[in-house]
Amino acid sequence: ALLAVGGVGGRPNKGLRHFSMKVCEKVESKGTTSYNEVADELVAELKDGTMEDGICYDEKNIRRRVYDAINVLMALDIIAKEKKAIIWRGFPTSRSAAQQAQRLQGEQYALMGELGRKASYLSELVEQQKALKHLLERNSRNPDAAAGGTALHLPSILVQSKPDATVEVQISKDMQDVQFNFFK
């Protein structure tokens, strides 16, 4: 049995659904409450020996089921928990469900856009890596070209811009800092 020790006719008590309804009624009637307040009231109601159905309740089980019921109600967005306060939000309506669905679709659209941008950026990085590997292979195959000045010495910087862009390059006197300005 979920809440009880014993039972009538081999049938356990009404379970978490029944208990969730009792917790729901308590929180709804109070508006704002706490776990301990709800648990204490239900323990007082149920612990007085046996209920009308002949089941004897255990305090630890009652408190455990109150905790479970609160988690279920939070998952269903019927109540909200802020620190120790439990706040009644109400049963979801079709309007709020439609608004939530619309909000989630907007979030999904935004995330898909971000995913596309990141995939594009990754593709650019892969292309840059391929170009560098190709350059390194070319330099290693032709060591004489390095003496002629056509080799690219690492570390180096590759800059790519649109064909119609104007690029201004400024190099510090000690050749340690480089600044690029791109103009269209």
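Definitions and cut-offs
Residues numbered from 1 in each chain as written. Predicted model: local features only at pLDDT ≥ 70, side-chain atom pairs only at ≥ 80, totals over all residues. Heavy atoms only, no water. Pairing = 2+ DSSP bridges. Helix = DSSP H or I, 4+ residues; strand = E, 2+ residues; numbered from the N terminus. Axes fitted to C-alpha atoms, helices over the stretch in contact; angles between N-to-C directions. Contact = heavy atoms within 4.5 Å. pLDDT = per-residue confidence, 0-100. Expected span 1.5 Å × (residues − 1). Buried < 20%, exposed > 50% of the residue type's maximum accessible area, 1.4 Å probe, protein only.

Structural notes on the sheet that holds strand 4 (residues 79-82)
Inference 1: Pairing is antiparallel in the open sheet, where three strands are placed in the order 2-5-4. With partners counted over all chains shown, the strands left at the sheet margins are strand 2 (32-34) and strand 4, one partner each. In this sheet, adjacent strand axes meet at a mean angle of 30° when their direction is disregarded.
Inference 2: Pairing geometry for strand 2 and strand 5 (residues 85-88), over three bridges, is antiparallel. Residue pairing for strand 5: Ser-34 is matched across the bridge by Ala-85.
Inference 3: Its contacts with the sheet put helix 1 (residues 15-30) on strand 2, strand 4 and strand 5, and the angle it makes with strand 5 is roughly 85°.

Comments concerning the confidence of the model for the protein
Inference 1: Residue-level pLDDT values for the protein average 78, and 79% of them are 70 or greater.
Inference 2: Predicted confidence is poor over residues 1-12, with pLDDT under 50, and the contacts of this stretch with residues over four places away or in other chains come to 24 contacts.

Considerations on the pairing of strand 6 (residues 166-171)
Inference 1: The sheet contact formed by strand 6 and strand 7 (residues 178-183) spans six bridges and is antiparallel. Across the sheet, the residue bridging to Ile-171 is Val-178, located in strand 7.
Inference 2: The turn linking strand 6 back onto strand 7 is made up of six residues, and Met-175 within it adopts a positive phi angle of 60°.

Regarding helix 1
Turn by turn, an α-helix covers 3.6 residues, leaving residues three or four places apart pointing in a common direction.
Inference 1: Compared with the 22 Å implied by 1.5 Å per residue over 16 residues, the 23 Å span of helix 1 between its first and last C-alpha is a close match.
Inference 2: Burial in helix 1 covers these residues: Gly-15, Phe-19, Ser-20, Lys-22, Val-23, Cys-24, Lys-26 and Val-27.
Inference 3: Just downstream of helix 1 lies Gly-31, where phi reads positive at about 85°.

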